[in-house]
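This is what each chain is made of:
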Amino acid sequence: NKESSSSRGALIVLEGLDRCGKTSQSGRLYKYLDEQGHSVESWRFPDRNTGVGQMISSYLANESQLDDHAIHLLFSANRWEKRSLMEDKLRSGTTLIVDRYSYSGVAFSSAKGLDIGWCKAPEIGLLAPDLVAYLDISPEKAAERGGYGGERYEQLEFQEKVARSYSALCDPSWKVIDATLPVVDIEKKLREVVLDCMMACQKGKPLSQLWP
Ligand code: NYM
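Below is a short write-up of the structure. No experiment lies behind these values; they were computed from the predicted model shown. (Residues numbered from 1 in each chain as written. Predicted model: local features only at pLDDT ≥ 70, side-chain atom pairs only at ≥ 80, totals over all residues. Heavy atoms only, no water.)

### With respect to the sheet that holds strand 4 (residues 131-136)
And step 1. Spatial ordering of the open sheet is given by 2-3-1-4-5, a layout of five strands whose pairing is parallel. Where the open sheet ends on each side, the last strands, each with one partner, are strand 2 (40-44) and strand 5 (175-178). Direction aside, neighbouring strands of the sheet carry axes that sit 20° apart on average.
And step 2. As paired strands, strand 1 (residues 11-15) and strand 4 are joined by four bridges and run parallel to one another. (Pairing = 2+ DSSP bridges. Helix = DSSP H or I, 4+ residues; strand = E, 2+ residues; numbered from the N terminus. Axes fitted to C-alpha atoms, helices over the stretch in contact; angles between N-to-C directions.)

### Description of the pattern of salt bridges
And step 1. Tallied over the full model, the rule gives 16 salt bridges.
And step 2. Among the salt bridges present, the one from Arg44 reaches Asp99, with a minimum N-O distance of 3.6 Å. Here Arg44 is found in strand 2, whereas its partner Asp99 is found in strand 3 (residues 95-99), with 55 residues between them in sequence.
And step 3. Given a relative accessible area of 44%, Arg44 falls into the partly exposed group.
And step 4. For Asp99, a relative accessible area of 2% corresponds to the buried category.
And step 5. Glu192 is the partner of Lys188 in a salt bridge, and the nearest nitrogen-oxygen pair spans 3.8 Å. Placement of both Lys188 and Glu192 in helix 10 (residues 183-202) is noted, with a separation of four residues, approximately one turn of the helix.
And step 6. Judged by its relative accessible area of 55%, Lys188 is exposed.
And step 7. Residues joined in a network through salt bridges with shared partners are Arg8, Asp130 and Lys205. (Salt bridge = Lys/Arg side-chain N within 4 Å of Asp/Glu carboxyl O. Buried < 20%, exposed > 50% of the residue type's maximum accessible area, 1.4 Å probe, protein only.)

### Here we look at helix 4 (residues 68-80)
And step 1. Relative to the 18 Å expected for 13 residues at 1.5 Å per residue, helix 4 spans 19 Å between its end C-alpha atoms, a close match to the ideal helical length.
And step 2. Residues of helix 4 that are buried: Ile71, His72, Leu74, Phe75, Ser76, Asn78 and Arg79.
And step 3. Those residues of helix 4 hidden inside the fold are in contact with helix 3 (51-60), helix 5 (83-91), helix 6 (102-110) and helix 7 (116-120).
And step 4. For helix 4, the side-chain oxygen to backbone nitrogen distance between the N-cap and His69 is 2.8 Å, and the N-cap itself is Asp67. (Expected span 1.5 Å × (residues − 1). Contact = heavy atoms within 4.5 Å. Polar contact = N/O pair within 3.5 Å; in protein donor to acceptor, adjacent residues only side chain to side chain.)

### Remarks on the nonpolar core
And step 1. Within the largest apolar cluster, 61 residues are counted, with the highest numbers of intra-cluster contacts made by Met86, Val98, Tyr101, Tyr103 and Tyr166.
And step 2. The element best represented in this core is helix 10, accounting for seven residues. (Core = buried A, V, L, I, M, F, W, Y, C linked by side-chain atoms within 4.5 Å.)

### As for the packing of aromatic side chains
And step 1. Within this structure, the stated rule accounts for nine aromatic pairs.
And step 2. Ring centres of Phe108 and Tyr153 lie 5.4 Å apart, and the angle between their planes is 45°; on these two criteria the pair is classed as tilted. Residue Phe108 is found in helix 6, and its partner Tyr153 is found in the loop between helix 8 (139-144) and helix 9 (156-169); the two are separated by 45 residues along the sequence. Assigned by exposure class, Phe108 and Tyr153 land together as buried.
And step 3. Measuring from ring centre to ring centre gives 5.1 Å for Tyr153 and Phe158, while their planes differ by 20°; the resulting arrangement is stacked.
And step 4. Judged by its relative accessible area of 11%, Tyr153 is buried. (Phe/Tyr/Trp six-rings, centres within 6.5 Å; stacked < 30°, edge-to-face > 60°.)

### Notes on the environment of Asn49
And step 1. Relative to the assigned elements, Asn49 resides in the loop between strand 2 and helix 3.
And step 2. For Asn49, a relative accessible area of 69% translates into the label exposed.

Encoded structure:
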């Protein structure tokens, strides 16, 4: 059948603190893979284009207030509403580069003091990434980069808590990349791990679900 005869795309997730360089690295990676002739798309969460995404966006802009649990579930719902499209894309051979995913969901909400098990629960059954690349930077270094916008969470003290939450979540399969290296070096390391991962997916690595 179609599924077993054609190879699938890879689900690549980039994670890290605010100002770690994820967004510019996803852009560079997308451009590279696209130019190499791969079928690839660049995604991000929150996806602010949906109805749920607009609620999230207004919360982040401090234009609305929501209970910590409620906003957590909205971030999760925002991933659920994209799940079937995500699966279709992957199965039809498109690689997805995703800027933030469930790990951001758990790291940011548990940094507020919510129970980590409670935070992970609504993510169960979403597609598991084939690769998590963590762009590692200390909260202090990230803050020095300036450009924290005025959004909620973009403060040193809170980012320190988020960094601790990410450490608790990080598992040995994550590819941790030093985000203080020159941009081109980060790009090179990222390409290496991504191409390896895409190869494994082409060779038949099955899609799996959170939490493995
Ligand atoms: N964020 C992002 C969460 O708190 N939970 C989530 O599930 C996701 C995906 O939203 N500070 C936070 C992390 C960021 C903020 O993301 C907006 P970005 O990448 O700046 O658009």
